[in-house]
Amino acid sequence: TIMKIQWNWGKGIAVVYILFVIGTLSFVTFAFTQKVELVSNDYYAQEIDYQNRIEQTERANALEEHVDISYDTNNNSVIIIFPSMALPEDGSVHFYHPSTSSFDRIIPIKKSMNNRFDFNTDGYQKGRWKVAITWSSGGKKYYYQHMINL
């Protein structure tokens, strides 16, 4: 004889509850296995220093000549031309890739009499990048950022 299961309200509620618990546990497991990346590891320290960043950006925007960033497809390089009145004495160029921080690169800027800097991008992931430049000149700090497609 085949045993026939009889359904009643109690069994229906139990099945719905069990399915709900399984679904919730599956979602929680999925959520905990996802990689979560902040924009930077020292995000909170940078947030506290945000007013300085605003002042550095305003200072860079107030220059008569602006920073020019372009991509040279023939040489696979990013070209940055600094204003002649604010040549970098030191600083850094941060290539920030929005999809994952493992692609990010930070390149130091050395003092130069030349206002043009070429950065070879061989090995960089194709796509959209944020180029953030921080530099100092004449005792003043400057900040400029620009989106670029490689």
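Residues numbered from 1 in each chain as written. Predicted model: local features only at pLDDT ≥ 70, side-chain atom pairs only at ≥ 80, totals over all residues. Heavy atoms only, no water.

Draft legend 1. Here's a closer look at the pairing of strand β7 (residues 140–149). Pairing of strand β6 (residues 128–137) with β7 involves ten bridges; the strand directions are antiparallel. Counterpart to Ala132 in the pairing with β7 is Gln145. The loop that links β6 with its antiparallel partner β7 comprises two residues; one of these, Gly138, has a positive phi angle of about 60°. (Pairing = 2+ DSSP bridges. Helix = DSSP H or I, 4+ residues; strand = E, 2+ residues; numbered from the N terminus.)

Draft legend 2. Spotlight on a nonpolar patch on the surface. Taken together, the side chains of Ile5, Trp7, Val15 and Leu19 make up a nonpolar region of the molecular surface, amounting to roughly 460 Å² of accessible area. Note on placement: Ile5 falls in the segment before α1 (9–33). (Patch = residues over 30% accessible without salt bridge, like charges linked within 9 Å, V, L, I, M, F, W, Y side chains within 5 Å. Areas by Shrake-Rupley, 256 points an atom, 1.4 Å probe, with all protein chains shown as cover. Salt bridge = Lys/Arg side-chain N within 4 Å of Asp/Glu carboxyl O.)

Draft legend 3. A look at α1. Given a rise of 1.5 Å per residue, 25 residues ought to cover 36 Å, and the 36 Å separating the end C-alpha atoms of α1 matches this to within 8%. The N-cap of α1, judged by a side-chain oxygen 3.1 Å from the amide nitrogen of Gly10 a few residues on, is Asn8. (Expected span 1.5 Å × (residues − 1). Polar contact = N/O pair within 3.5 Å; in protein donor to acceptor, adjacent residues only side chain to side chain.)

Draft legend 4. Inspection of the confidence of the model for the chain at higher detail. Across the chain, pLDDT averages 87, with 95% of residues at or above 70. Within the chain, the element-level pLDDT minimum falls on helix α2 (residues 43–48), averaging 74, and the maximum on α1, averaging 94. (pLDDT = per-residue confidence, 0-100.)

Draft legend 5. Looking closely at the environment of Phe117. Mapping Phe117 onto the fold places it in strand β5 (residues 116–120). Taking the C-alpha atoms as reference points, Phe117 and Phe82, separated by 35 residues in sequence, lie 8.2 Å from one another. Phe117 has contacts with Val78, Ile79, Ile80, Phe82, Pro88, Ile109, Lys110 and Ser112, leaving out every residue within four places of it along the chain. (Contact = heavy atoms within 4.5 Å.)

Draft legend 6. Representation of the sheet that holds strand β4 (residues 105–109) within the structure. The sheet built from four strands is open, its strands ordered β4-β3-β6-β7 with antiparallel pairing. The open sheet has two edge strands with one neighbour each: β4 and β7. Put simply, the sheet's adjacent strands are angled 15° from each other on average, direction ignored. Sheet topology places strand β3 (residues 90–96) next to β6; seven bridges connect them, and they run antiparallel. For Tyr96, the partnering residue across the bridge sits in β6 and is Lys130. With respect to the sheet, helix α3 (residues 50–61) is in contact with β6 and β7, its orientation differing from that of β7 by roughly 80°. (Axes fitted to C-alpha atoms, helices over the stretch in contact; angles between N-to-C directions.)

Draft legend 7. Broad picture of the nonpolar core. Ranked by internal contacts, the top residues of the largest apolar core, which has 22 residues, are Ile69, Ile80, Ile133 and Trp135. Elements with a contribution of two residues or more to this core: β2 (77–81), β3, β5, β6 and β7. Top element by residues in this core is β6. It accounts for four residues. (Core = buried A, V, L, I, M, F, W, Y, C linked by side-chain atoms within 4.5 Å. Buried < 20%, exposed > 50% of the residue type's maximum accessible area, 1.4 Å probe, protein only.)

Draft legend 8. Spotlight on the packing of aromatic side chains. For the coordinates displayed, the defined rule picks out seven aromatic pairs. With centroids separated by 5.4 Å and ring planes inclined at 90°, the aromatic side chains of Phe82 and Phe117 adopt a geometry described as edge-to-face. Separated by 35 residues along the polypeptide, Phe82 in the loop between β2 and β3 and Phe117 in strand β5 bring together distant segments of the chain. Each of the two residues, Phe82 as well as Phe117, counts as buried. (Phe/Tyr/Trp six-rings, centres within 6.5 Å; stacked < 30°, edge-to-face > 60°.)

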